[in-house]
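Secondary and tertiary structure notes
Chain by chain, the residues run as shown.
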Amino acid sequence: PHLVHVLSQRGHKISMLNRGRREPSLFEDDYKNVEHIEGDRTLPTAYDNLKGKTWDVVIETSGQQLPWTQNAVKALRGQVGRWQYVSSTGVFLPYNTVEIPEDGPTPLKDDPPQQQLSYGVMKALSEVEARNGFGDRGVIVRPNYIVGPGDPTDRLTYWPVRIAQGGEVLVPGRKTDFVQYTDVRDLAEWWVRLLETGTGGTFNSTGPYPKQTLEQFVAPLLRPLLDL
């Protein structure tokens, strides 16, 4: 929804490919001018309704299985100009460090092998498909934990809610451990700007900046309670 909102606000014409099973929960007015194209990526007919159409850009947000990415690239390679694949910092799993460069090694197979590809390997292999299909016309963005309006998880919101309840709160790790998360609104604006400016390459999309420790993350949540 945030990508649709940013694209709408910036005057872009938008098409969406999805199964059409849910109504938008945010920015409903923005969807009035969106072309809705039905397609189920688990079926051989997924891209039948896209035949004969062309787009300047594709933003691939639902590459949750390697065959989906492979089939999408194959079906649309001749119909689009640029391709933005939303990957994940999970391509670096298991990561136990900081300052990982965009060109850092990403495992392309599971060790030991798994019947179903692990999430990180699946994303890394999907990146390869996107690069092979679009070359310099491809953009890879790797968010970590995405938070903000519409987030269905409690990965971030748990902390202010729990701390507001008072009492002892168990916090994992060490005070000096770093935390990373990014507001979906910032990501959406940046990802669209990458496409508008013709910027290519691979980017680790993480925040906040400057770096934040676990203690720095928790402290502002405690301060209102300490002032009571």
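Report on the accompanying structure. Remember, it's a predicted structure, so these values are computed and weren't measured experimentally.

Thoughts on unusual backbone geometry
Note that the residue after Leu 93, namely Pro 94, is joined by a cis bond; omega there is -5°. In the segment running from Asp 111 into Pro 112, the intervening peptide bond is cis, with an omega of 5°. If you trace the backbone, Pro 112 turns up in the loop between strand E4 (80-86) and helix H3 (119-134). Although it is not a glycine, Phe 27 sits at a positive phi angle of roughly 55°.

Describing the environment of Gly 133
Looking at the element boundaries, Gly 133 is found in helix H3. Overall, the relative accessible area of 9% leaves Gly 133 in the buried class. As a C-alpha pair, Gly 133 and Trp 83 span 50 residues in sequence and 9.0 Å in three-dimensional space. If sequence neighbours within four positions are ignored, Gly 133 has contacts with Val 73 and Arg 77.

Considering the sheet that holds strand E9 (residues 201-205)
Pairing within the open sheet is parallel, and its 4 strands lie in the order E3-E4-E5-E9. Two strands in the sheet have a free side with no partner beyond their single neighbour: strand E3 (55-60) and E9. Strand-to-strand twist in this sheet, taken as the mean axis angle between neighbours without regard to direction, amounts to 15°.

Some remarks on the packing of aromatic side chains
As enumerated under the stated definition, the model contains 4 aromatic pairs in all. Geometrically, the ring pair formed by Trp 83 and Phe 134 is stacked, given 4.8 Å between the ring centres and 20° between the ring planes. Remark: Phe 134 occurs in helix H3 and Trp 83 occurs in strand E4; sequence separation between them is 51 residues. When the ring centre of Phe 178 is taken as reference, the NZ or CZ atom of Lys 211 above it lies at 5.4 Å.

So, the pattern of salt bridges
Following the criterion strictly, the structure yields 11 salt bridges and no others. Note that Asp 177 and Arg 174 form a salt bridge whose closest N and O atoms lie 3.2 Å from each other. Assessed through its relative accessible area of 56%, Arg 174 is described here as exposed. Asp 183 is paired through a salt bridge with Arg 185; the nearest N and O atoms lie 2.7 Å apart. Overall, the relative accessible area of 42% leaves Arg 185 in the partly exposed class.

Digging into the packing of helix H1 (residues 2-9) against helix H5 (residues 184-196)
Relative to each other, H1 and H5 sit at 50°, their axes nearing to 9 Å. Our classification of the angle between H1 and H5 gives oblique. Every pair of crossing elements has a handedness; the one defined by H1 and H5 is right-handed. Between H1, through His 2, Leu 3, Val 6 and Leu 7, and H5, the contact on the second element is made entirely by Val 184, Arg 185, Ala 188, Glu 189, Trp 191 and Val 192. Here the residues of the contact of H1 with H5 sort into 7 nonpolar, 1 polar and 2 charged.

Topic: the packing of helix H2 (residues 66-76) against H3
One way to put it is that H2 packs onto H3 with a least axis distance of 9 Å and a crossing angle of 10°. Between H2 and H3, the angle is such that the two are roughly parallel. Only Met 122, Leu 125, Ser 126, Glu 129, Ala 130, Gly 133 and Phe 134 of H3 make contact with H2, whose side of the interface consists of Leu 66, Thr 69, Gln 70 and Val 73. Residues belonging to the contact of H2 with H3 are distributed by class as follows: 6 nonpolar, 4 polar and 1 charged.

Some thoughts on H5
Given 3.6 residues to a turn, an α-helix orients residues that are three or four positions apart in the same direction. Look at H5: 18 Å from first C-alpha to last across 13 residues, which is about the 18 Å you get at 1.5 Å a residue. Of the residues making up H5, those classed as buried are Val 184, Leu 187, Ala 188, Trp 191, Val 192, Leu 194 and Leu 195. Angular distribution of buried residues about the axis of H5 spans 150°; they occupy a single face of the element. Immediately downstream of H5, the backbone of Gly 198 shows phi near 70°, a positive value.

Cut-offs and rules
Residues numbered from 1 in each chain as written. Predicted model: local features only at pLDDT ≥ 70, side-chain atom pairs only at ≥ 80, totals over all residues. Heavy atoms only, no water. Helix = DSSP H or I, 4+ residues; strand = E, 2+ residues; numbered from the N terminus. Buried < 20%, exposed > 50% of the residue type's maximum accessible area, 1.4 Å probe, protein only. Contact = heavy atoms within 4.5 Å. Pairing = 2+ DSSP bridges. Axes fitted to C-alpha atoms, helices over the stretch in contact; angles between N-to-C directions. Phe/Tyr/Trp six-rings, centres within 6.5 Å; stacked < 30°, edge-to-face > 60°. Lys NZ or Arg CZ within 6 Å of the ring centre and 35° of its normal. Salt bridge = Lys/Arg side-chain N within 4 Å of Asp/Glu carboxyl O. Parallel < 35°, antiparallel > 145°, perpendicular 65-115°, else oblique. Left-handed = near helix turned anticlockwise from the far one by under 90°. Nonpolar A, V, L, I, M, F, W, Y, C, P; charged D, E, K, R; others polar. Expected span 1.5 Å × (residues − 1). Arc of directions from axis to C-beta.

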